[in-house]
There are 2 protein chains.
Amino acid sequence: MSDERRVRILNATRELLLHYGYDKTTVSDIAQAAGVSKGAIYLHYPSKDALVEALLWHDADRAQQEIARRLQADPNGGSFTSLYVHGLRVAMEMPLLRAIYGNRQRVFGDVFKRLAPNFSNQAIRAAVIEFIRKYQALGLIRADIDAKVVAYMLAYMRYGLLTIEDVIPSDEAPPLDAVLDLLVDVLDRGFAAAGGDTAAGRSAYIAYAENAINTVRSQWESTKVEEEEDHE
Amino acid sequence: MSDERRVRILNATRELLLHYGYDKTTVSDIAQAAGVSKGAIYLHYPSKDALVEALLWHDADRAQQEIARRLQADPNGGSFTSLYVHGLRVAMEMPLLRAIYGNRQRVFGDVFKRLAPNFSNQAIRAAVIEFIRKYQALGLIRADIDAKVVAYMLAYMRYGLLTIEDVIPSDEAPPLDAVLDLLVDVLDRGFAAAGGDTAAGRSAYIAYAENAINTVRSQWESTKVEEEEDHE
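Residues numbered from 1 in each chain as written. Chains lettered and ligands numbered in written order. Predicted model: local features only at pLDDT ≥ 70, side-chain atom pairs only at ≥ 80, totals over all residues. Heavy atoms only, no water.

A few words on the overall build of chain A. Along the backbone of chain A there are 12 helices and zero strands. Mapped from its N terminus to its C terminus, chain A presents α and β elements in the order α-α-α-α-α-α-α-α-α-α-α-α. Scaling as 2.2 N^0.38, a compact globule of 232 residues should have a C-alpha radius of gyration of about 17 Å, and chain A matches this with 19 Å. Dimensions of chain A, computed from the C-alpha atoms along their principal axes, are close to 60 × 40 × 30 Å. Sorting the 232 residues of chain A into buried and exposed places 47% on the buried side. Sequence separation of 24 or more characterises 76% of the internal contacts of chain A that already satisfy a separation of 6 or more. Counting only carbon and sulfur atoms, one obtains 50% of the accessible surface of chain A, whose full area is about 11000 Å². Between the mean site of the 26 positive side-chain charges and the mean site of the 33 negative ones, chain A shows a separation of 1 Å. (Helix = DSSP H or I, 4+ residues; strand = E, 2+ residues; numbered from the N terminus. Rg over C-alpha atoms; globule rule 2.2 N^0.38 Å. Buried < 20%, exposed > 50% of the residue type's maximum accessible area, 1.4 Å probe, protein only. Contact = heavy atoms within 4.5 Å. Areas by Shrake-Rupley, 256 points an atom, 1.4 Å probe, with all protein chains shown as cover. Lys, Arg positive; Asp, Glu negative; His and termini not counted. Charge placed at Lys NZ, Arg CZ, Asp CG, Glu CD.)

Okay, here's the thing in structure tokens:
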């Protein structure tokens, strides 16, 4: 399949998942939205689940590349705060990623539980804690705070920001730029150490991010159950 | 009804809501758990909804008194950080309150939407922003940050902390004391101004909290639809 066609199919899948949710999206709908035949989809993706899974890895790769690109372009791009906030901004801007982080049942139905019932994020959480320790050693995060607790706080702040629309209507939210500017300001004051080695930080992050996606992927593959083909 | 009996009924209601959720809890279950007759409950609460509503106000009052008590006992009890963290700790310790802030469909079913379909938290959010401005004027929160954005950040941090158990199993979370200690530390560095008038802050908070609960209550009453009696 041509790359252009593959991306067209994945884009259609994303759009329908976000709009109608997993349960109400069929492979026929996706074929129609992408302007290809159902057969063309089944030639490359044995099931709707396989399609959703391919889309997830596709978007995860895109996000990682986009974060790396922004960090390279940011003169302050190795600081702890810049990592966290670039990551958050990309998650806010990529609705599927936002839905994953936000644990959205509507978008994904129970596809993850079904595909990999024993999948756990524990390995990646452990990697985050190790990464924070590295940043403390590089003088980029205060050394006097517990990396485990820092990781937990960063996780609940991100989760809160990505899901707060459930309780505060988004038309009442301040502009995203103002929200992220204040976050940067508070994190700089609260977590950052002064005078660390940001160039080393950036390299450490790139290595960490590649490793992290591999960790998640191998954890995912090892907990995956046999997929069935569906030809609705 | 005696106060002791009333509290016994409300406690049973709380316990069953948290354990089985609204939809699976009946007035008969509550009567049995409280050791009273169904008739005794209906004498004072015309419906399950009325009971849930009474429980909510009961717990909201308890929470407010408990927060005020802790602030009085805390030598630093008028600082911005102490307000926020005492409030958070009480919410973490009162499971029904946690469920309200955490927007838990399972616990409450659609009872709020049914009772007061047009209820909005907008008035209370506006009051929070006014309160933050007051704290800025008292020199207790940095004056160079936008109160609206501060309120939003405090809201998503709280929401994230109260719901993160959806994505991080609670047995993997650091101890609550460590979590709240780091939060206090980061908020002190990020938001607090030095040398404000904490005694004035505490008084302002007590006045604000009483007013806030009245604001929510009158907003609730004005959007409430007629309740029907149910005698299952």
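Turning our attention to the domain arrangement of chain A. Residues and elements named next belong to chain A. Considered domain by domain, chain A is made up of domain 1 (1-45) and domain 2 (47-223). The straight-line distance from the C-alpha centre of domain 1 to that of domain 2 is 27 Å. Here domain 1 meets domain 2 over a buried area of about 1600 Å², counting both sides, of which 67% is carbon and sulfur. Along the contact surface separating domain 1 from domain 2 lie one salt bridge. Residue Arg-14 is joined to Asp-59 by a salt bridge in which the shortest nitrogen-to-oxygen separation is 2.8 Å. One can count 10 residue pairs in polar contact (both at pLDDT 80 or more) joining domain 1 with domain 2. Those elements that place two or more of their residues in the side of domain 1 that touches domain 2 are helix H1 (3-20), helix H2 (27-34) and helix H3 (38-44). Tallying contributions element by element places H1 first for the side of domain 1 that touches domain 2, with 10 residues. (Domains from an automatic or database assignment. Buried area = accessible area lost by both parts, 1.4 Å probe. Salt bridge = Lys/Arg side-chain N within 4 Å of Asp/Glu carboxyl O. Polar contact = N/O pair within 3.5 Å; in protein donor to acceptor, adjacent residues only side chain to side chain.)

Our focus in this paragraph is the packing of helix H10 (residues 147-163) of chain A against helix H11 (residues 176-190) of chain B. Two elements in contact, H10(A) and H11(B), have axes whose closest approach is 10 Å; the angle formed by their N-to-C orientations is 75 degrees. What the angle tells us is that H10(A) and H11(B) run roughly perpendicular. The residues of H11(B) that touch H10(A), namely those facing A:Val149, A:Val150, A:Tyr152, A:Met153 and A:Tyr156, are B:Ala178, B:Val179, B:Leu182, B:Leu183 and B:Val186. For the contact of H10(A) with H11(B), a count of residues per class yields 10 nonpolar, no polar and no charged. (Axes fitted to C-alpha atoms, helices over the stretch in contact; angles between N-to-C directions. Parallel < 35°, antiparallel > 145°, perpendicular 65-115°, else oblique. Nonpolar A, V, L, I, M, F, W, Y, C, P; charged D, E, K, R; others polar.)

This next bit is on H10(A). With 17 residues, H10(A) extends 24 Å from end C-alpha to end C-alpha; this agrees with the ideal 24 Å at 1.5 Å per step. Where H10(A) starts, the residue carrying a side-chain oxygen 2.8 Å from the main-chain nitrogen of A:Lys148 turns out to be A:Asp146. (Expected span 1.5 Å × (residues − 1).)

Once that is clear, we can look at the nonpolar core. With 98 residues, the main nonpolar core has A:Leu183, A:Phe191, B:Leu183 and B:Phe191 as its most contacted residues. The contacts of B:Leu183, once residues within four sequence positions are left out, are A:Met153, A:Tyr156, B:Tyr84, B:Val85, B:Leu88 and B:Met157. (Core = buried A, V, L, I, M, F, W, Y, C linked by side-chain atoms within 4.5 Å.)

The transformation that overlays chain A on chain B combines an axial shift of 0.0 Å with a rotation of 180 degrees, and the residual RMSD is 0.0 Å. Taken together, the turn and the small shift mark the pair as related by a two-fold rotation axis. Scanning chain A for the C-alpha nearest the rotation axis identifies A:Gly160, at a separation of 1.8 Å. With an isologous cut-off of 70% or more, the 100% of interface residues of chain A that recur at the interface of chain B puts this contact in the isologous class. (Least-squares fit on C-alpha atoms with pLDDT ≥ 70 in both.)

The next point concerns the confidence of the model for chain A. Scored by pLDDT, chain A has a mean of 91; 97% of the residues are at 70 or more. Interface confidence in the predicted complex, given as ipTM, is 0.91; pTM for the same model is 0.91. (pLDDT = per-residue confidence, 0-100.)

With 35 residues of chain A at the interface, the matching set in chain B holds 35 residues. At the boundary of chain A with chain B, total buried surface from both sides reaches about 3500 Å², with 71% on carbon and sulfur atoms. On the chain A side of the interface with chain B, the three residues burying the most area are A:Tyr152, A:Tyr156 and A:Leu182, jointly 20% of the side's total. Seen at the junction of chain A and chain B, the total is four salt bridges. One salt bridge in this structure joins B:Arg142 and A:Asp185, with 2.6 Å as the shortest N-O distance. One can count four residue pairs in polar contact (both at pLDDT 80 or more) joining chain A with chain B. Breaking the side of chain A that touches chain B down by element, the ones donating at least two residues are helix H9 (122-137), H10 and helix H11 (176-190) of chain A. The element contributing the most residues to the side of chain A that touches chain B is H10(A), with 12 residues. Broken down by class, the residue content of the side of chain A that touches chain B amounts to 22 nonpolar, five polar and eight charged.

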